[in-house]
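Analysis of the macromolecular model
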Amino acid sequence: MSRPGFVLEVDDRTPPLIVHSGEGFLLERFPLGTRVVYPPEALPPVRDVEEAIQNALLNPTESEPLPELLRPGMRLTIAFDDISLPLPPMKKPDIRQRIIEAVLELAATAGVDDVEIISANALHRRLTPNELRDIVGERVFRSFFPDGKLYNFDAEDRDNLTHLGQTRHGEDVEISKRAAESDLLVYVNVNLVAMDGGHKSTSIGLASYKSLKHHHNSHTMIHSRSFMDHKASKMHHSAWRMGEVLTQHVKVFQIETTLNNNVFGGGLEFLQKREWEWSIKDQASMLATKRGLAAAPAKLRHKIFTDVRANYELTGVNAGAIEPVHDKTLEMVHRQHLVEVQGQSDVGIIGVPYLGPYNVNSVMNPILAACMGLGYHFNAYRGNPIVRKDGALILYHPVPYEFSQLHHPSYVDFFEEVLSESTDPATIEAKFEKQYAEDPWYIHLYRTSYAYHGVHPFYMWYWISHALDHCGDIVWVGANRKTVERMGFRSASTLQDALEMVSHSVGRSPSITYLHNPPHLLADVR
Amino acid sequence: MMLALEMYRSPAKFLAAKAVGGRIPGILTGPAAPLRLVTINEPKAEREGWARIRPILSGICGSDLGMVTGSTKLYFSAMVSMPFVPGHEIVGELLDDCEDLPKGTKVVMDSVLTCAARGVEPCQGCASGNTNRCDRITVGHVAPGLQTGFCQDTGGGWGNVMVAHRSQLYAVPDGMSDERAVLTEPLACAVHTALRAKVEPGQSILVSGAGAVGLFATLALRELTQAGRITVVAKHAKQRELARAFGASDVVAPDEVFRGVRRSTGAFRLKPEMAKEFLLGGVDIAVDAVGSKDSIDTVLRVTKAGGRVVLSGMPASGADLSPVWFRELELTGTYASAREEPNDKPAFETALELAAKAPLDGIVGARYPLYRWREAIDHAHSAGRLGTVKVAFDVRAS
């Protein structure tokens, strides 16, 4: 039986606690009285994954069983969440592989020949053939990839986009032509955290810039409170409206999966245990890892983390109509992630780990580090943020000046050109977004190389707009001073320094809450 | 007799400066400098149209530094007469009547020693008003020298007295400060550069370098053309600030040129194997105001196909000319300034207008008497880093 999450109050007996900080971690002693929010332990997985998948496909929610939707001569499209999920990537076989194989077997049985499989990467970078293979598995890859039937979605391929109409709010719904013209669209999702899935899957994953700009903008995102609660997120409201339009034109069979919190295994297992419960072996692993990482050259350290594969196990799979399926999914996600927290605090502390959705097999540049801390972890709440309005947020990450020219070419320019002019999301949106979105070089790299779309760094910056608006002070511990200054933040050497720096706004004895994340958690702040 | 700094022939010092000057800058103003402070006879103004001038301020130009440091190409050695008193950026006072200019008039000088000054029949260049293209710079009754400041007979601004021909002189308008007037010669060069660039309305321009040459070129391009976006490559904080004040639309650091130009022009950026990157697309016109191999390489690689590259700095050798061939670039040199520019005025007249109204206060950032020449050269050598645009000799204080 897994134990639920809980809130620890730091006292004299509390040992130093793990804080993630990029490609490494610290053991930090927090001030007495600090509240530490621990995620629930990993839920027990489903016993028979194949059986669970078959059950979901044959007994879907508010939909005919999948075999009844399949017929010879039909156009079947299977779309799946791209490499940004789950984090870290899971050990093989990927859950998407198992589901896609099951769907394909049913399709083959029904005599469906016209099948295409699309990575729903929207404006994310294309996946390399190896990355596609890792997700869909060798068998599916070999059967579909060589014939061009397994491919990345291209949001800039004007000939292969279909405008389905507008929502009642005038939002354009433009998605993959293949998906729009299919008799059935099967979407295979990995619902790692509460913001994933639902109408967000198709109406964002297969959409073009024309469509995405209606909800990926500073105004909508500052009013998404939080992203992890679709009922309180303007971005999700927009996606849901688009979903209504989309499902009027396309029959969607949504398959959503949930994973448990079994993130770290092997030598890193101590990272998901509570520190005072570390065994001798855990302590030895921690010490060896810490010393090893400190001594390792940067490249080796990067490789060690890049090679981490999570032990995720399936906790549920639901299929059928999008909204009822997503309700069930969220129930399971909440069971795994939700932790009740009583009230906000003056100071929130977040350790930003080495990985976010957009630097898989890449480097976490300063903008992605900001997005991970202020966009994702800060938004890991339901109800209210863990920090009170105008409180202080303290983040841990080295924030090196490091960019991947292959994956993030427009990020470099965004950092150098845009942020040097303004860090206000609305200002940069008005002045620069269109230029970057329409820059032919970025479009070329997005379509032919492995680059995120030119506009993507703007979206990252919009993701943090709620945190920028809410927090009075944002300080990074152990960060490169120059890079965080460019982003409009401050840098401190230690937690004590950071607390000193924010004392003018929160006083000398502030209430503090530390989100012990990852493994993933969702603070239910009452 | 007068006090002057004299450049003299010393192959050993030339070679020493060339060999180690770049690595040990101090040696250029120490034992390896082919420059000395001397007391010599004043130059004579015996022929018609010539007059003596007492320099007030005399700037230190990049070409002067090139002579001191041995980086000037030997190509120019046939067009100078040693020993000579350097200094061609001057504001001074006439010591004699000079045709219509009475004694005591404050003047600036177009330093090119043209056919008119040499007393020979006008060559094709001089006859057409392109006086900077004069073919007779080694003949006539004046010793060889492409300009005053490189000629044995005329003296130069780094001495207490020099001589100049009426064709070279322009009266300084009343009320203009010496600090502004001394900038007229480099401003005239910038005027010439801007007009040689043949800018069409809205065209994008890159100016590589934000020393005096680059900054003044930026100013002239903004004031005299209908250029669109002007991007300036500037290394130091003060240069960045001035570039914007002089009309740059944006300023980039040397290591950001490809990124900055690519962004502003929507060009494609390619990285060849083991070679410097380049753009497909880029600016319409690029002006090199540095002259180094690196800067020339850069401007050639960020100019769009069919574009124009203007070489305003004295060019180094070794630049890769592949883009000139592959991108069909138009390569344009720009030297000194002409009496008849495309705007139908001598460049000096336009320069004096600019000098009167441009934000040039503080541009002459340091003044040294002649006897502190080692400090002056040192300062000029590191001007950008020290936040100075122009270092000048205060000749009267000498």
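Summarised in this report is the structure supplied together with it. The shown structure was predicted, so the numbers you read here are calculated from the model rather than taken from an experiment.

Criteria and cut-off values
- Residues numbered from 1 in each chain as written.
- Chains lettered and ligands numbered in written order.
- Predicted model: local features only at pLDDT ≥ 70, side-chain atom pairs only at ≥ 80, totals over all residues.
- Heavy atoms only, no water.
- Disulfide = S-S within 2.5 Å.
- Pairing = 2+ DSSP bridges.
- Helix = DSSP H or I, 4+ residues; strand = E, 2+ residues; numbered from the N terminus.
- Axes fitted to C-alpha atoms, helices over the stretch in contact; angles between N-to-C directions.
- Contact = heavy atoms within 4.5 Å.
- Buried area = accessible area lost by both parts, 1.4 Å probe.
- Salt bridge = Lys/Arg side-chain N within 4 Å of Asp/Glu carboxyl O.
- Polar contact = N/O pair within 3.5 Å; in protein donor to acceptor, adjacent residues only side chain to side chain.
- Nonpolar A, V, L, I, M, F, W, Y, C, P; charged D, E, K, R; others polar.
- Phe/Tyr/Trp six-rings, centres within 6.5 Å; stacked < 30°, edge-to-face > 60°.
- Buried < 20%, exposed > 50% of the residue type's maximum accessible area, 1.4 Å probe, protein only.
- Parallel < 35°, antiparallel > 145°, perpendicular 65-115°, else oblique.
- Left-handed = near helix turned anticlockwise from the far one by under 90°.
- Patch = residues over 30% accessible without salt bridge, like charges linked within 9 Å, V, L, I, M, F, W, Y side chains within 5 Å.
- Areas by Shrake-Rupley, 256 points an atom, 1.4 Å probe, with all protein chains shown as cover.
- Lys, Arg positive; Asp, Glu negative; His and termini not counted.
- Charge placed at Lys NZ, Arg CZ, Asp CG, Glu CD.

1. A few points about the state of the cysteines
Within this structure, the stated rule accounts for 0 disulfides over all chains. Looking at the unpaired Cys126(B), the closest cysteine sulfur is the one in Cys115(B), lying at 3.7 Å.

2. Overview of the sheet that holds strand β20 (residues 522-525) of chain A
Residues and elements named next belong to chain A. Spatially, the 3 strands line up as an open sheet ordered β13-β20-β15, and their pairing is parallel. The open sheet is flanked by β13 (338-341) and β15 (381-383), the only strands paired with a single partner. In this sheet, adjacent strand axes meet at a mean angle of 30 degrees when their direction is disregarded. Here 4 bridges tie β13 to β20, and the two strands are oriented parallel to one another. Residue pairing across strands places Val 341 opposite Val 525, the latter belonging to β20.

3. Concerning the interface of chain B and chain A
A common way to express how large an interface is: the accessible area buried when the components associate. Taken residue by residue, the interface counts 10 residues in chain B and 11 residues in chain A. The largest per-residue losses of area from chain B upon contact with chain A belong to Arg259(B), Arg263(B) and Phe268(B), which jointly make up 61% of the total buried on that side. For the interface between chain B and chain A, the tally reads 5 salt bridges. Its salt-bridge partner being Asp413(A), residue Arg262(B) comes within 3.8 Å of it at the nearest N-O pair. Counting every contact that joins chain B to chain A gives 7 residue pairs in polar contact (both at pLDDT 80 or more). Secondary-structure elements contributing two or more residues to the side of chain B that touches chain A are α9 (257-265) and β11 (268-270) of chain B. Its residues placed into classes, the side of chain B that touches chain A shows 3 nonpolar, 1 polar and 6 charged.

4. Regarding unusual backbone geometry
That bond from Leu87(A) to Pro88(A) is cis: its omega, -10 degrees, falls within 30 degrees of zero. Mapping Pro88(A) onto the fold places it in the loop between β5 (75-81) and α3 (95-109). One non-glycine residue with positive phi stands out, namely Glu62(A), at about 50 degrees. Of note in this structure, Met274(B) is not a glycine but carries a positive phi near 50 degrees. Tracing the backbone shows Met274(B) in the loop between β11 and β12 (278-280).

5. Side note on the packing of aromatic side chains
Each pair of aromatic rings is reported with the distance of its centres and the angle of its planes. Residue and element names in this part refer to chain A. Taken as a whole and assessed by the stated rule, the structure comprises 29 aromatic pairs over all chains. For the pair Phe 25 and Phe 270, a centre-to-centre distance of 5.6 Å together with 65 degrees between the ring planes defines the contact as edge-to-face. Highlighted residues: Phe 25 in strand β3 (residues 25-28) and Phe 270 in the loop between β11 (252-259) and α11 (280-295), separated in sequence by 245 residues. Accessibility expressed as a relative area gives 9% for Phe 25, which makes it buried.

6. Overview of the sheet that holds strand β16 (residues 387-396) of chain A
Residue and element names in this part refer to chain A. The sheet built from 7 strands is open, its strands ordered β1-β4-β19-β14-β16-β17-β18 with mixed pairing. On the outer flanks of this sheet lie β1 (6-9) and β18 (490-492), each paired with one strand and no other. Between one strand and the next, the sheet's axes are offset by a mean angle of 25 degrees, whatever the strand orientation. Sheet topology places β16 next to strand β17 (residues 473-477); 5 bridges connect them, and they run parallel. In the strand pairing of β17, Ile 394 is matched with Val 475. Packing against the sheet, helix α14 (residues 366-377) makes contact with β14 (345-351), β16, β17 and β19 (512-515), and its axis sits at approximately 130 degrees to β17.

7. Brief notes about the packing of helix α2 (residues 62-69) of chain B against helix α13 (residues 373-381) of chain B
Residues and elements named next belong to chain B. Interhelical geometry of α2 versus α13 gives an angle of 115 degrees and a closest axis separation of 11 Å. Viewed along their axes, α2 and α13 adopt a mutual orientation that is roughly perpendicular. The interaxial crossing formed by α2 with α13 has left-handed handedness. Seen from α2, the contacting residues are Leu 65, Val 68 and Thr 69; seen from α13, they are Ile 377, Ala 380 and His 381. Residues belonging to the contact of α2 with α13 are distributed by class as follows: 4 nonpolar, 2 polar and no charged.

8. Let's talk about the pattern of salt bridges
When their charged atoms lie close together, side chains carrying opposite charge are able to pair. All chains considered together, the criterion is met by 62 salt bridges over all chains. A salt bridge links Arg3(A) to Glu41(A); the nearest nitrogen and oxygen atoms lie 2.7 Å apart. Taken together, the positions of Arg3(A) in the segment before β1 and Glu41(A) in the loop between β4 (35-38) and α1 (49-58) put the pair 38 residues apart, joining distant regions of the chain. Classification of Arg3(A) as partly exposed rests on a relative accessible area of 34%. Within this structure, Asp413(A), Glu417(A), Asp439(A), Glu256(B), Arg259(B), Arg262(B) and Arg263(B) form a network of salt bridges that share partners.

9. Details of a negative patch on the surface
All names here are of chain A. Together, Glu 62, Glu 323, Asp 327 and Glu 331 make up a negatively charged patch on the protein surface. When you line up the elements, Asp 327 lands in helix α13 (residues 322-337). With a relative accessible area of 45%, Asp 327 lands in the partly exposed category.

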